[in-house]
Amino acid sequence: MKPFSYARASTPAEAAAAAARQPGARFIAGGTNLLDLMKLQIETPAHLIDVNGLPLDKIEPTAEGGLRIGALVRNTDLAADERVRRDSTA
């Protein structure tokens, strides 16, 4: 694995700013296989931005009747959400 730098973002704005400052930076969060790809040198980012601690794990209704799905919503939580289950059978 090639060397890389690492930062943990404390806000979404901080994560976006860090990515803008570091060309080729990659976000890392739960459920990703990025580290496995880095071990195989398929992915070789110079900088990782950890977004695991950000409050992006909510499923919220929109004014238009849709759903806003946060970037950190787990697949099992999304599949279990009553609104998703109801609308996916239509």
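Structure: see above.
So, here is what we can say about the structure in this document. (Residues numbered from 1 in each chain as written. Predicted model: local features only at pLDDT ≥ 70, side-chain atom pairs only at ≥ 80, totals over all residues. Heavy atoms only, no water.)

Concerning the nonpolar core
Nonpolar side chains in soluble globular proteins generally cluster together in the buried interior. In this structure, Ala9, Ala15, Ala18, Ala25, Ala29, Ile49, Val51, Leu54 and Leu72 together form the largest nonpolar core, which totals nine residues. Those residues in contact with Ala9 that sit more than four places away from it in its chain are Glu14, Ala15, Ile49, Asp50 and Leu54. (Core = buried A, V, L, I, M, F, W, Y, C linked by side-chain atoms within 4.5 Å. Buried < 20%, exposed > 50% of the residue type's maximum accessible area, 1.4 Å probe, protein only. Contact = heavy atoms within 4.5 Å.)

Considering the pattern of salt bridges
One pass over the structure, following the stated rule, counts four salt bridges. When the shortest N-O distance is used, the salt bridge between Arg26 and Glu43 registers 2.5 Å. Remark: Glu43 occurs in the loop between α2 (34-39) and β3 (47-50) and Arg26 occurs in strand β2 (residues 26-28); sequence separation between them is 17 residues. Residue Arg26 is classed as partly exposed on the basis of its relative accessible area of 32%. What makes Glu43 partly exposed here is its relative accessible area of 24%. (Salt bridge = Lys/Arg side-chain N within 4 Å of Asp/Glu carboxyl O. Helix = DSSP H or I, 4+ residues; strand = E, 2+ residues; numbered from the N terminus.)

Section: the sheet that holds strand β1 (residues 5-8)
Overall, parallel pairing links the three strands, which are arranged β1-β3-β2 in an open sheet. In this open sheet, the two strands that pair with only one neighbour each are β1 and β2. On average, adjacent strands in this sheet sit at an angle of 30° to one another, irrespective of strand direction. Where β1 lies against β3, four bridges are found, and the strand directions are parallel. Looking at the pairing, Arg8 lines up with Asp50 of β3. Along the sheet, helix α1 (residues 12-21) makes contact with β1, β2 and β3, crossing β3 at roughly 175°. (Pairing = 2+ DSSP bridges. Axes fitted to C-alpha atoms, helices over the stretch in contact; angles between N-to-C directions.)

Observations regarding a nonpolar patch on the surface
A contiguous nonpolar patch, built from Met1, Phe4, Tyr6 and Leu35 and spanning about 370 Å² of accessible area, is present on the exposed surface. Position of Leu35 among the secondary structure elements: in helix α2. Accessibility expressed as a relative area gives 36% for Leu35, which makes it partly exposed. (Patch = residues over 30% accessible without salt bridge, like charges linked within 9 Å, V, L, I, M, F, W, Y side chains within 5 Å. Areas by Shrake-Rupley, 256 points an atom, 1.4 Å probe, with all protein chains shown as cover.)

Brief notes about the environment of Asp81
One can find Asp81 in the loop between α3 (75-80) and α4 (82-88). Each C-alpha atom of the pair Asp81 and Ile59 lies 8.3 Å from the other, and the pair is 22 residues apart in sequence. One polar contact links Asp81 to Arg83, side chain to side chain, over a distance of 2.8 Å. (Polar contact = N/O pair within 3.5 Å; in protein donor to acceptor, adjacent residues only side chain to side chain.)

A few points about unusual backbone geometry
In the Ramachandran plot, Gln41 falls in the positive-phi region, its phi being about 60° despite a non-glycine side chain. Within the element layout of this structure, Gln41 appears in the loop between α2 and β3. Looking at Gln41, the relative accessible area reads 43%, which means it is partly exposed.

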